[in-house]
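# A structural walkthrough
These are the residues of each chain, in order.
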Amino acid sequence: MSAAAAQADAAIASTAYIGIGSNLEQPVHQVLQARDALARLPDTRLLALSPLYRSPALGPGQQPDYVNAVAAIETRLAAHALLDALQAVEAKRGRVRGSVQWAPRILDLDLLVYGDSEIRDQRLTVPHPRLAQRAFVLKPLLDIAPNLTVPGLGPVTMLLSNLSEASLQRVPETEMAIDRREDAL
Ligand code: A4P
Ligand code: MG
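Residues numbered from 1 in each chain as written. Chains lettered and ligands numbered in written order. Predicted model: local features only at pLDDT ≥ 70, side-chain atom pairs only at ≥ 80, totals over all residues.

Around ligand 1, 21 residues are found, and the nearest of them are Gly-21, Leu-58, Tyr-66, Trp-102 and Leu-111. Within the residue set of the shell around ligand 1, elements represented by two or more residues are β4 (66–75), β5 (108–114) and β7 (125–126). No other element matches the three residues that β5 contributes to the shell around ligand 1. A per-class count over the shell around ligand 1 returns nine nonpolar, seven polar and five charged. (Near = placed C-beta within 6 Å. Helix = DSSP H or I, 4+ residues; strand = E, 2+ residues; numbered from the N terminus. Nonpolar A, V, L, I, M, F, W, Y, C, P; charged D, E, K, R; others polar.)

Shown next, in the form of structure tokens:
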């Protein structure tokens, strides 16, 4: 085994939570495809995918509604390598990064939480800086990790209790099943 491989092998697995969002090109389909892509990442295991929620876009102009979900993964990738991998998945799904902030997008993958880490550098801020303001992130996070304490911020239950969930609409299972059927054709 090479030194690098041995080091990777020895790396401790971390539990990470990934925010998935889409408001273009069949968002439910995009979210389910993203789940499959996360399950295929190297040195990574998919632990759970939350229910999917639809909500109005937070951002400029008239935009289609978003579909959001959160995935829990166990990964041996370091946080920055995981960010690289998430951005590669976004690019593969056809996401184009423009200059407009919060413009509509085919797929957005945010690293919400990475183990107990608190990271703040030019490329990466973890926990995700806007996590505590967003019910469309906290509600699905609570669904799959009800006992989670977000490093530096507090229990996810407490964070969500400060927000309204009124604009969130759970995507029915039937809609997800249609997507699976179309995939099989
Ligand atoms: N970056 C730093 N920290 C992180 C992190 N924890 N996870 C850097 C992911 N990326 C992180 O991101 C810009 C840069 O942030 C990356 O290059 C990375 O180095 P981006 O994905 O290219 O751009 P973005 O997502 O448009 O920017 P931003 O400001 O992160 O947007 P948000 O906060 O993700 O918001 N409305 C609804 N209803 N649902 C949504 O999901 N999402 C957004 C985007 C706006 N409105 C929404 C939703
Ligand atoms: Mg993003």
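Between Val-126 and Pro-127 the backbone carries a cis peptide bond, its omega angle lying at -10°. In this fold, Pro-127 is placed in the loop between β7 and α4 (135–144). Look at Gln-26: it is not a glycine, yet its phi comes out positive at around 60°. Taking the C-beta count within 10 Å as the criterion, Gln-26 has 14 such neighbours and is therefore assigned partly exposed. (Buried ≥ 20, exposed ≤ 12 C-beta atoms within 10 Å, placed from the backbone.)

As a further point, take the pairing of β5. Burial runs high along β5: six of the seven residues are buried. As defined by bridge partners, strand β1 (residues 14–22) adjoins β5 across six bridges and the pair is classed as antiparallel. Across the sheet, the residue bridging to Ala-16 is Tyr-114, located in β5. (Pairing = 2+ DSSP bridges.)

Quick look at the nonpolar core now. Of all hydrophobic cores here, the largest spans 42 residues; its most connected members are Tyr-17, Ile-18, Val-70, Ala-71, Leu-112 and Leu-141. The residues contacting Val-70, other than those within four sequence positions of it, are Tyr-17, Ile-18, Gly-19, Ile-20, Ser-50, Leu-112, Val-137, Pro-140, Leu-141 and Ile-144. (Core = buried A, V, L, I, M, F, W, Y, C linked by C-beta atoms within 7 Å. Contact = placed C-beta atoms within 7 Å.)

With 14 residues, helix α3 (residues 79–92) extends 20 Å from end C-alpha to end C-alpha; this agrees with the ideal 20 Å at 1.5 Å per step. Along α3, the positions that sit buried rather than exposed are Leu-82, Ala-85, Leu-86 and Val-89. For α3, the buried positions fall inside an angular range of 100° around the axis, keeping them on one side. The elements touched by buried residues of α3 are β1, α2 (27–39), β4 and β5. (Expected span 1.5 Å × (residues − 1). Arc of directions from axis to C-beta.)

This part takes up α4. Taken across its ten residues, α4 has eight buried, putting it largely inside the fold. What α4 keeps buried is the set Ala-135, Phe-136, Val-137, Leu-138, Lys-139, Pro-140, Leu-141 and Leu-142. Where α4 is buried, its residues meet β1, β3 (53–55), β4, β5 and α5 (156–161).

As a further point, take the pairing of β1. The buried fraction of β1 amounts to seven of the nine residues, a majority that puts the element mostly inside the structure. The pairing of β1 with β4 spans nine bridges and is classified as antiparallel. For Ile-20, the partnering residue across the bridge sits in β4 and is Ala-69.

Another point: the environment of Ala-166. Mapped onto the elements of the fold, Ala-166 is located in the loop between α5 and β10 (169–170). Exposure remark for Ala-166: the 8 C-beta atoms within 10 Å place this residue in the exposed category. Here the alpha-carbon distance between Ala-166 and Ala-135, two residues 31 residues apart in the chain, equals 9.1 Å.

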